[in-house]
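# An overview of the molecular structure
One-letter residues, chain by chain:
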Amino acid sequence: MEGIKSIFPTPLVKLSKLSERLKNDIYAKLELVNPTGSHKDRETLEVIKNLKGREVVIASTGNAAISLSALALGAGITVHVFISKYINRERLDLIQTFGPVLHIVEGSYADAIKQSEEFAQKNGIEDANPGRNFNKIIGDSHIGEEIGKQMNGDIDYIIVPTNNGTLLSGIWHGVKNIAKPHMVAAISPGSKIMESIAGYHRFDGKELDKAIDESSGKIISINDKEAAHYTLELAKEGIFCEPASGSSLAAISKLGVKNKKIIVVITGSALKFIKSYKKIFAYK
């Protein structure tokens, strides 16, 4: 696993056109360059490094299962993946590519979480789900530490696409000893295109609330039209990301601030969300 770590830190790039248009200095943290195309690799590396056995359980809507299944190959670890039968076919194909043990659940992502946790407890296998494994937050804390160092501590806001709260709270853990930005959760409970954050499940809700409170942050709801617009704007700057990442940029206009240094976290690549990505053009 040492070779994988050599890609870090991930790039932090200034979005010049959008900075001028939105009247703030906006920087994008490009987590889409990780080995499997999302920030979930940060969590996976930390989970694998601290795994006590040779098996692990996870429920997922896509990115987390792809990451854990792929990166576990080099460590000889068996991954049990619980997924809803309604999962997007393109991500199911990606998960299957890496050969985990698949458990198809009759129900939603929340149902998959419940069944995976019961399976882990019954069989004495480590649980890699949000809210059950603090190593995931530690993995994401490296993103916050990198941002703090890359910006020399000069940050006003960090905006994070948010579902369970693991990523945002992890970033706060990593950055808070370097800088004190306001943490902003971009959420979309009923989204049809932002599949990574649809539902706002809050399985790491306690840590999320703590991070928002400590940083005097905010929670901002984004709709599909807003996310589609800013996902396309990111494409015009050469960043091709999953629509959920567009929510972080969309949140800036709702902050009502000017002349601030703002980091938007780009969580994943468009290449794993082709069907959803195509939908953004319908909102033009």
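Rules and cut-offs
Residues numbered from 1 in each chain as written. Predicted model: local features only at pLDDT ≥ 70, side-chain atom pairs only at ≥ 80, totals over all residues. Heavy atoms only, no water. Axes fitted to C-alpha atoms, helices over the stretch in contact; angles between N-to-C directions. Helix = DSSP H or I, 4+ residues; strand = E, 2+ residues; numbered from the N terminus. Parallel < 35°, antiparallel > 145°, perpendicular 65-115°, else oblique. Left-handed = near helix turned anticlockwise from the far one by under 90°. Contact = heavy atoms within 4.5 Å. Buried < 20%, exposed > 50% of the residue type's maximum accessible area, 1.4 Å probe, protein only. Polar contact = N/O pair within 3.5 Å; in protein donor to acceptor, adjacent residues only side chain to side chain. Pairing = 2+ DSSP bridges.

## Some points on the packing of helix α3 (residues 40-49) against helix α7 (residues 135-150)
Close contact between α3 and α7 brings their axes to 7 Å; oriented N to C, the two are set at 130°. On the basis of the axis angle, α3 is oblique to α7. Here α3 and α7 pass one another in a crossing that is right-handed. Counted together, Arg42, Glu43, Glu46 and Val47 of α3 and Asn135, Lys136, Ile138, Gly139, Asp140, His142, Ile143 and Glu146 of α7 form the full contact between these two elements.

## Some details on the environment of Ile219
Locating Ile219 in the fold gives a position in strand β9 (residues 218-221). The spacing of Ile219 and Thr162 is 57 residues in sequence and 9.1 Å in space, taken between C-alpha atoms. In contact with Ile219, other than residues within four places in its own chain, are Ala185, Ile187, Tyr200 and Ile212.

## Regarding the side chain of Ser84
Examined against the element boundaries, Ser84 turns out to sit in strand β4 (residues 78-84). Taking relative accessible area as the criterion, Ser84 reaches 10% and is therefore assigned buried. Among the polar contacts listed, one links the side chain of Ser84 to the backbone oxygen of Gly107, at a separation of 2.4 Å. Other than its neighbours up to four places away in sequence, Ser84 contacts Val105, Gly107, Ser108, Tyr109 and Ala112.

## Focus: the sheet that holds strand β10 (residues 261-266)
As a general point, the strands of a sheet are linked pairwise by backbone hydrogen bonds and lie either parallel or antiparallel. Reading across from one edge, β1-β2-β10-β7-β8-β9 is the order of the six strands in this open sheet, with mixed pairing throughout. Of all the strands in the sheet, just β1 (12-14) and β9 have a single pairing partner and so form its edges. Neighbouring strand axes in the sheet, compared pairwise and without regard to direction, differ in orientation by 25° on average. Here β1 runs beside strand β2 (residues 25-30); their pairing, made up of three bridges, is antiparallel. Paired with Val13 across the strands is Ala28, a residue of β2. Contacts from helix α8 (residues 166-175) reach β7 (157-161), β8 (182-187) and β10, with the element oriented near 150° to β7.

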